[in-house]
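# Tertiary structure, described
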Amino acid sequence: MVLSASKADHRRNLLLAALEPEDLAHLEPHLDIVILPKGTILYEPHDPIRYTYFPHDAVVCLINIMEEGQFVEVASFGREGLFGLISAIVSREAFGRYKVQVPGTASRIAIDRIQQAMRTRPKLRRLVLGYSEALLAQTFQTVSCNAIHTVEARCCNWLLSTRDRIDEDVLPLTHADLAEMLGVQRSTVSTTLRTFQMQGLITQQRGGITIADRAGLEEIACECYGKIRQTFTRLLPMPSS
Amino acid sequence: VPRFYFDVREGASFTPDDEGLECASLDAAERLAAESAAEIGRDLLPKGDAREVTVEVRNEHRQRVLTVTASLEIHRVDPEPLPPRA
């Protein structure tokens, strides 16, 4: 579903918000706002990429599907970023499955349009390159984290980063969602979340997790959460909150 | 497709599964239970918080059909005295 939009709506994405006014004005006639319901699959592996998305409050995961059918999240995208551009810059093919994990809206533009604009608008190009470096750093950090750190710490990272992205303490995430993102069994997630609940860090409702003690969760999270956050702050304009 | 429930017991803590999960067969359920016991064990056992993690699998009538236990045993051994040097 495509909605009519104003510049203010597009600025809910932090990259679009950071654009020079004339660069945003240049893109604006080509930007649509789309609603992304939970569970929507935007691309399957090897699908041709037609649009670049700039999420507002939605969170979209890139999921890698293995030959035996197991899957794991390898990157995630929220209002700090974009997807459907950098990892498809030459092939214009989706690496994996792009799935909406947290519902919301996004601004979207045809990939031809944004690639064309990047050729003529150096500040837009500089911003996309800054985001590319931050995304690559996030990926390097996540590879290390997945190899070394506990499910407990990684689960904490996910709760905190989702909270940062949607700016709400109530996260519309199920145990099955977290299991998919962490690449573990659902009962492993249930056990981990129950421990957090008993420590007073979260409360749980049907279809949702509420953060009750953010500082407590930050203590259990590994260094990776803070490091990724710092990388984005260093390379990209971020809100002061 | 039958539904199975995966409850987890570690030490004094018990996490019941109210939702369950559809699995093609008991073999498939056993595999998932084994993976989960190993994953939870990987987090908890080296920390010494628990010495055993058990996943109890129930069928759709909520009857227990199998349990999987992952455990860690540590033995410290006093070394034999070295023979005197020649």
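Residues numbered from 1 in each chain as written. Chains lettered and ligands numbered in written order. Predicted model: local features only at pLDDT ≥ 70, side-chain atom pairs only at ≥ 80, totals over all residues. Heavy atoms only, no water.

## A closer look at the packing of aromatic side chains
Residues and elements named next belong to chain A. Inspection of the entire model under this criterion finds eight aromatic pairs over all chains. Centre to centre, the rings of Tyr43 and Tyr53 are 6.3 Å apart; their planes meet at 75 degrees, and the pair counts as edge-to-face. Note that Tyr43 is positioned in strand E3 (residues 41–43) and Tyr53 in strand E4 (residues 51–55), a separation of ten residues in sequence. Of the two residues, Tyr43 and Tyr53, both sit in the buried class. For the ring pair Tyr51 and Tyr53, a centre distance of 6.5 Å and an interplane angle of 70 degrees mean the geometry is edge-to-face. Judged by relative accessible area, Tyr53 falls into the buried class, the value being 5%. (Phe/Tyr/Trp six-rings, centres within 6.5 Å; stacked < 30°, edge-to-face > 60°. Helix = DSSP H or I, 4+ residues; strand = E, 2+ residues; numbered from the N terminus. Buried < 20%, exposed > 50% of the residue type's maximum accessible area, 1.4 Å probe, protein only.)

## Regarding the pattern of salt bridges
Summed over the entire model, instances satisfying the criterion amount to 22 salt bridges over all chains. With its nearest N and O atoms 2.7 Å apart, the salt bridge here joins Asp7(B) to Arg58(B). Of this pair, Asp7(B) sits in strand E1 (residues 3–10) while Arg58(B) sits in strand E4 (residues 52–58), and the two are 51 residues apart along the sequence. Here Asp7(B) and Arg58(B) have matching classes, each one buried. Where salt bridges share partners, they join Arg79(A), Arg163(A), Asp167(A) and Asp169(A) into one cluster. (Salt bridge = Lys/Arg side-chain N within 4 Å of Asp/Glu carboxyl O.)

## Overview of the side chain of Gln101(A)
For Gln101(A), the position within the fold is in strand E7 (residues 97–102). Excluding anything up to four places from it in sequence, Gln101(A) contacts Lys38(A), Val59(A), Val60(A), Cys61(A), Pro172(A), Leu173(A), Asp177(A), Glu180(A) and Met181(A). (Contact = heavy atoms within 4.5 Å.)

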